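# An overview of the molecular structure
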Amino acid sequence: METTFADLENTAPPTTADAQLARESSQRLTQFLAAKPDNALRVHIAPENEPEESIAIPVSAFRLLNGILTEMAKGNAVTLIPIHTELTTQQAAELLNVSRPFLIEQLEKNAIPYRKVGTHRRILFKDLMAYKQEMHHGRLEALEELSTVDQELGLGY
């Protein structure tokens, strides 16, 4: 199942009841994963008026599910985007919360890898997230430097 950017736009926040159920489920799943972090896990599904089935699911998928439940418990809408998904410049700009011209400037400076499809630029989601992480770390380093200067000059709060 391919996730598209349209799926992001149509994602709705969970209902209050879903958020509460997600909170309870996340708490229980967190405890379970802490006790058995590396073992393969099986899920038993018991639909009404049908026989129960058992399905093996990788622990990594349960960790992902736990993250989803945690976000839903906070009332956040959640969707999955495969890391190999290609985004348009408009989609990428929206995910970074920047203007499209600013994003294109970053592409032209080779700050973010991209490829061209005809005259259109396409950016891999994983490359966009790497750029975002790099910018976040850069901001943290700048704040630490400012804090150090504040302390040295006695301007600290």
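Residues numbered from 1 in each chain as written. Predicted model: local features only at pLDDT ≥ 70, side-chain atom pairs only at ≥ 80, totals over all residues. Heavy atoms only, no water.

### Digging into the overall build of the protein
Along the backbone of the protein there are six helices and five strands. For 157 residues, the compact-globule formula gives about 15 Å, and the C-alpha radius of gyration of the protein, at 21 Å, lies well above that figure. Out of the 157 residues belonging to the protein, those deemed buried represent 21%. Residue pairs in contact within the protein that sit at least 24 positions apart in sequence constitute 56% of those at least 6 positions apart. For the protein, the exposed area adds up to about 11,400 Å²; of that, 54% sits on carbon and sulfur atoms. Here the protein carries 15 positive and 22 negative side-chain charges, and the mean point of each set is 4 Å from the other. (Helix = DSSP H or I, 4+ residues; strand = E, 2+ residues; numbered from the N terminus. Rg over C-alpha atoms; globule rule 2.2 N^0.38 Å. Buried < 20%, exposed > 50% of the residue type's maximum accessible area, 1.4 Å probe, protein only. Contact = heavy atoms within 4.5 Å. Areas by Shrake-Rupley, 256 points an atom, 1.4 Å probe, with all protein chains shown as cover. Lys, Arg positive; Asp, Glu negative; His and termini not counted. Charge placed at Lys NZ, Arg CZ, Asp CG, Glu CD.)

### Structural notes on the nonpolar core
Among the nonpolar cores identified, the biggest contains eleven residues, and these are Leu87, Ala92, Ala93, Leu96, Leu103, Leu107, Ile112, Ile123, Phe125, Leu128 and Tyr131. Breaking this core down by element, the ones donating at least two residues are helix 4 (89-96), helix 5 (100-108) and helix 6 (125-153). Non-local contacts of Ile123, meaning those with residues more than four positions away in its chain, are made with Thr85, Glu86, Leu87, Thr88, Thr89, Ala92, Leu103, Leu107, Ile112, Pro113, Tyr114 and Leu128. (Core = buried A, V, L, I, M, F, W, Y, C linked by side-chain atoms within 4.5 Å.)

### What to know about helix 3 (residues 59-73)
Its 15 residues give helix 3 an end-to-end C-alpha distance of 21 Å, which sits within 8% of 21 Å, the value for a rise of 1.5 Å per residue. By the burial criterion, the buried members of helix 3 are Val59, Phe62, Asn66, Ile68, Leu69 and Ala73. Within helix 3, the buried residues cover an arc of 165° as seen down the axis, which keeps them to one side. Its buried side turned inward, helix 3 meets helix 2 (16-35), strand 1 (41-45) and strand 2 (53-57). (Expected span 1.5 Å × (residues − 1). Arc of directions from axis to C-beta.)

### Quick notes on a nonpolar patch on the surface
A surface patch of nonpolar side chains, amounting to about 290 Å² of accessible area, comprises Leu140, Leu143 and Leu146. Note that Leu146 resides in helix 6. (Patch = residues over 30% accessible without salt bridge, like charges linked within 9 Å, V, L, I, M, F, W, Y side chains within 5 Å. Salt bridge = Lys/Arg side-chain N within 4 Å of Asp/Glu carboxyl O.)

### Focus on the sheet that holds strand 5 (residues 120-124)
Strands sit in the order 3-5-4 across an open sheet of three strands; the sheet is antiparallel. The open sheet has two edge strands with one neighbour each: strand 3 (86-87) and strand 4 (115-117). Relative to strand 5, strand 4 runs antiparallel, the two sharing three bridges. Along strand 5, the bridge assignment pairs Lys116 with Arg121. (Pairing = 2+ DSSP bridges.)

### Things to note about helix 5
Considered for burial, the residues of helix 5 that qualify are Leu103, Ile104, Gln106 and Leu107. The buried residues of helix 5 occupy one face: seen down the axis, they fall within an arc of 155°. Facing away from the buried surface of helix 5 by more than 90 degrees, the exposed residues are Pro101 and Glu108. Buried residues along helix 5 sit in contact with helix 4, strand 5 and helix 6. Here helix 5 starts with a cap whose side-chain oxygen sits 3.1 Å from the backbone nitrogen of Phe102, and that cap is Ser99. Just past helix 5, the residue Asn110 takes up positive phi, approximately 65°. (Polar contact = N/O pair within 3.5 Å; in protein donor to acceptor, adjacent residues only side chain to side chain.)

### Quick look at the pairing of strand 5
Across the two faces of strand 5 the burial differs, with Arg121 and Ile123 buried and His120, Arg122 and Leu124 not buried at all. Relative to strand 5, strand 3 runs antiparallel, the two sharing two bridges. Note that in strand 5 the partner of Glu86 across the bridge is Leu124. The loop that links strand 4 with its antiparallel partner strand 5 comprises two residues; one of these, Gly118, has a positive phi angle of about 70°.

### Some details on the side chain of Gln106
Summarising the element assignment, Gln106 is placed in helix 5. Among residues more than four places away in sequence, those in contact with Gln106 are Ala111, Ile112 and Tyr131.

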